[in-house]
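Fold and contact review
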Amino acid sequence: MSDVTVRQLAETVGAPVDRLLKQMAEAGLRHTSDGEGVTEEQKQILLAYLKRSHGASDAAPNRITLKRKSVGTLKTGQGRTGRKVTVEVRRKRTYEKRGEALEEARADLQATRPSQSELEARRIREEDLARKSAEEATRAADAEKKADSERRREAEEAQRVEAERQATVAKRTAEASETAEQPEDAAAKAAVAAVEAQAQAQSSEKAGKRIKGKDRDRAKADEFGDGRGRRRELSLKSQRRGRRRAQQAPIHVEQHGGEFQPTEFIAREVEVPDMISVGDLAHAMTVKAGEVIKTLMGLGVMATINQVIDQDAATLVVEEMGHKVKLVHEDAMEQELEKSLHIEGDGESRPPVVTVMGHVDHGKTSLLDYIRHTRVVSGEAGGITQHIGAYSVDTDHGRISFIDTPGHAAFTAMRARGARVTDIVILVVAADDGVMPQTEEAIQHSKAANVPIIVAINKIDLESADPEKVTNELAAKDVVPEDWGGDTQFINVSAETGEGIDALLEAILLQAEILELKAVADAPGRGVVIESRLDRGRGPVSTMLVQNGTLRKGDIIIAGEHHGRVRAMFNEQGEQTEAVGPSQPIEVLGLGGTPAAGDDFSVVTDERSARDLAEFRRDKTQEQRQAMQQAAKLDNMFANLGEGQKRVLKVVLKADVRGSLEAISQALADLGNDEVAVNVLGSGVGAITESDINMAVTYGAAVFGFNVRADNAAKALVERENVDLRYYSVIYELLDDIKQVLTGMLAPEIREEIIGIAEVRDVFRSPRYGQIAGCMVTEGSVFRNKPIRVLRDNVVIYEGELESLRRFKEDADEVRNGTECGIGVRNYNDVRAGDLIEVYESTEIAREL
């Protein structure tokens, strides 16, 4: 008994049901729906397949990694101001098998061992570094000596100033004591204090000037010397700022990496497109690219930050790192358009869309004309526009829309896109002609599109009409009438007399009731383009068939690769209308171009989204067109050359320097003549890149490199697209090869040489060979397998070859000069006596430039 169902398993593993079913099918399990059960054995099979698909091996692991995590506290600060910080420590140790690890180490050592030139370059760099270090040390020593001398000079200056100050104080004190015979103690002290203060101020002013000069000298020393003072101050400030930040929140310490990260994890919803680079994926998850690379390595994928990975690998990485996956496909814009066009509501009955098909001259056009002229109301009899390719007819039982698709071009395009444009096909077969090639083609188109067929056997009013013969032939093509137990209605009609027309219309409406055709009118309009053209006065005009919803004037629509606003709409009578419902054809003006027959159209919300979607479709079409172009190859390039045109060798040229590039380009321009030439599509200096190879693939060119090589991406593209890539180091070798290629592109010269002439002496009749000319070889030799010319009065009247060459009664391969022989000319019976039979040989001679 099963443990779980497919849907339960998908919910458990967190994967979409469709993706899980696809993986189970690839693993060999036969599960097709989400309700089927999954046993434990089947789970193991699926798990083994997923491991193999992600690079896992069944062999024993060569490497074992042990991890340990511990949580502790760390006290910061001192005394009461200190606080405890929670610290989580993770340890990781990896063990490998010694033998394989030793071999890998030896291989890495061998790969990383430097060459002799690298050792010499390294020695030169080390000598330069040592010389620069010595010069810097010398400059530092000179600066230190200069600073010491400045300090000594400043000390001596300070001592001299101090001595002068003391002498000045002593002198003024002595003068004050001599002038005052009986000075008071307070006055003497005040005078002494004033003198000392004045001397101290002068000394301080001089010392301040010296200190300012010293600061300027130190600033210059920092700027032009080692410059450590300012940086040391900034370093101290940053350390203090880092300590303050560290005290604000707990930290997470990891030994491998040494990074501080928050312990709280935030799960995000990550959009994963079809292809994404590792760097973009890391940015979407707001993690470092190294973490993504580590996760990929754990999954067995080696990738760099710029490498592109597919959607499956990206999904596994996102899920492995604990985030939610949101798949975004390349055609997301198309999917958004489909979602916006989702129609909800009860459908109403709509008219059937009928396509009339059949062989040429079987009365298809006559039948349509009779239905149109007899079933149009009297006021509309002469106002029907014939060229729009679609029109509607009112009958007693309802309305029918007809589509005229000459040549089945639009119908084939619709079938290729899987569009249910036509509801019913009327197969017109002439009763006097039967089933013809286009009849069989119409049957194949209808069956491929799964559209019901109503057979209209036309021209039954003719005497040679044989409806039974037509029925038998159609039954042989697997179109069986209802009278014989099939599901196809056969109606005998006449487009001339109108016999059976009512029965045909009733059969159409009956088939429509069986199909239960419904559509929602109150919704944005959508449908298909029947045809389009460029009108000189009105611009692009498109005939469209509304399949669902309502198309209104002023709506913004997109049809294929073009978009625009509906400026005007015309019905089959050429009258303007404001709105068109389901199953009605209409002419639309306002698109920016002419969409292809069979393109879908739909109403969009705004013009910007329509413009973006149209550009996306154009770019996608251009990519597909370029992918389908054949790669350039010199060996098969001659097969693609047109007859009677100048043959051009297309080249993409890259060189190492500009001078060589200009010389080669000028030499290539001088090669060639009126029949062949060289066209340099692209040229440049530097390595051959991927864009150069893409240009060669697009335009069918060969790539020539002069003293340059292709990078890895270009080499991969060359191998994949099979582009002809050649390297040269001598300019003459390059020119000789291109000259040889151009010589091979020249048409060979045909030279003819007359190797024998025979004169007709008489003409005989042979029951086996017909007319036989009895001849005498007058010049050279006559050979059986050589081409000949028959000359009469020295004018060529026939060119051909010999039917027979006989000497007496035996066949001969060669008859020489002066010998009689019998000659039979193939497919020519007007040889006369006196004619000359000239035998010649054609030789092709290769031409040279």
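Residues numbered from 1 in each chain as written. Predicted model: local features only at pLDDT ≥ 70, side-chain atom pairs only at ≥ 80, totals over all residues. Heavy atoms only, no water.

Turning our eyes to something else, we now look at the overall build of the chain. Along the chain, the regular secondary structure elements total 21 helices and 38 strands. Approximately 52100 Å² of the chain is accessible, and the part contributed by carbon and sulfur atoms is 48%. (Helix = DSSP H or I, 4+ residues; strand = E, 2+ residues; numbered from the N terminus. Areas by Shrake-Rupley, 256 points an atom, 1.4 Å probe, with all protein chains shown as cover.)

A few words on the sheet that holds strand 28 (residues 702–706). With parallel pairing, four strands are arranged side by side in an open sheet as 27-26-28-29. Because the sheet does not close on itself, it has two edges, and the strands there are strand 27 (676–685) and strand 29 (725–728). The average undirected angle you get between the axes of adjacent strands in this sheet is 25°. Bridge count for strand 28 against strand 29 is four bridges, and the pairing is parallel. Pairing of G705 across the sheet is with Y727, part of strand 29. Running at roughly 175° to strand 26 (residues 647–655), helix 19 (residues 690–699) makes contact with strand 26, strand 27 and strand 28 of the sheet. (Pairing = 2+ DSSP bridges. Axes fitted to C-alpha atoms, helices over the stretch in contact; angles between N-to-C directions. Contact = heavy atoms within 4.5 Å.)

Below, the discussion takes up the packing of aromatic side chains. By the definition in use, this model includes two aromatic pairs. Aromatic pair F704 and Y728: ring centres 5.9 Å apart, planes at 20°, arrangement stacked. Of this pair, F704 sits in strand 28 while Y728 is found in strand 29, placing the two residues 24 residues apart along the sequence. Look at Y728 and you get buried, because its relative accessible area is 7%. (Phe/Tyr/Trp six-rings, centres within 6.5 Å; stacked < 30°, edge-to-face > 60°. Buried < 20%, exposed > 50% of the residue type's maximum accessible area, 1.4 Å probe, protein only.)

Glancing now at the pairing of strand 38 (residues 836–845). Pairing of strand 30 (residues 749–766) with strand 38 involves ten bridges; the strand directions are antiparallel. By the bridge assignment for strand 38, I757 is matched with E838. Two elements, strand 33 (residues 787–792) and strand 38, share four bridges in a ladder whose sense is antiparallel. By the bridge assignment for strand 38, I788 is matched with V839.

Looking now at the state of the cysteines. A complete count under the given rule lists zero disulfides for this structure. Of all cysteine sulfurs in the structure, the one in C821 sits closest to C775, which takes part in no disulfide; the separation is 5.4 Å. (Disulfide = S-S within 2.5 Å.)

On to the nonpolar core, then. Core analysis: the biggest nonpolar cluster contains 23 residues, and L367, I371, F402, I426, L504 and I508 have the highest contact counts within it. Sorting the residues of this core by element identifies strand 11 (353–358), helix 12 (364–374), strand 12 (390–394), strand 13 (399–403), strand 14 (424–430), strand 15 (453–458) and helix 16 (501–515) as the ones contributing at least two each. Here the element with the most residues in this core is helix 16; it accounts for six residues. (Core = buried A, V, L, I, M, F, W, Y, C linked by side-chain atoms within 4.5 Å.)

Turning our attention to the sheet that holds strand 12. Taken in spatial order, the six strands make up an open sheet running 12-13-11-14-15-16, and their pairing is mixed. Looking along the sheet, the strands with just one partner apiece sit at the ends: strand 12 and strand 16 (489–492). Geometrically, the sheet is characterised by an average inter-axis angle of 30° between neighbouring strands, direction not taken into account.

Of all residues in the chain, 77% have pLDDT values of 70 or greater, and the mean over the chain is 77. Throughout residues 217–261 the model reports pLDDT below 50, and contacts reaching past four residues in sequence, or to other chains, amount to 33 contacts. In this model residues 375–388 is a low-confidence stretch, pLDDT under 50, and it forms 24 contacts with partners more than four residues away in sequence or in other chains. (pLDDT = per-residue confidence, 0-100.)

A cluster of nonpolar side chains, contributed by I64, L66 and Y95, occupies part of the molecular surface with about 300 Å² of accessible area. Mapping Y95 onto the fold places it in strand 4 (residues 83–96). (Patch = residues over 30% accessible without salt bridge, like charges linked within 9 Å, V, L, I, M, F, W, Y side chains within 5 Å. Salt bridge = Lys/Arg side-chain N within 4 Å of Asp/Glu carboxyl O.)

Glancing now at helix 19. Looking at helix 19, one finds that the buried residues are D692, I693, A696 and V697. All buried residues of helix 19 project into a common sector of 140° when viewed along the axis, lining one side. The secondary structure elements touched by the buried residues of helix 19 are strand 26, strand 28 and helix 20 (712–721). (Arc of directions from axis to C-beta.)

Right, let's talk about the side chain of T315 for a bit. One can find T315 in helix 10 (residues 311–320). In this structure T315 comes out as buried when scored by relative accessible area, which is 2%. In terms of polar contacts, T315 uses its side chain to reach the backbone carbonyl oxygen of Q311, at 2.7 Å. The contact partners of T315, leaving out residues within four places of it in the chain, are R19, V272, V325 and L327. (Polar contact = N/O pair within 3.5 Å; in protein donor to acceptor, adjacent residues only side chain to side chain.)

The subject of this paragraph is the pairing of strand 6 (residues 269–272). Burial of strand 6 is one-sided: the residues V270 and V272 facing one way are buried, the residues E269 and E271 facing the other way are not. With four bridges joining them, strand 6 and strand 9 (residues 324–327) adopt parallel strand pairing. Counterpart to V272 in the pairing with strand 9 is L327.

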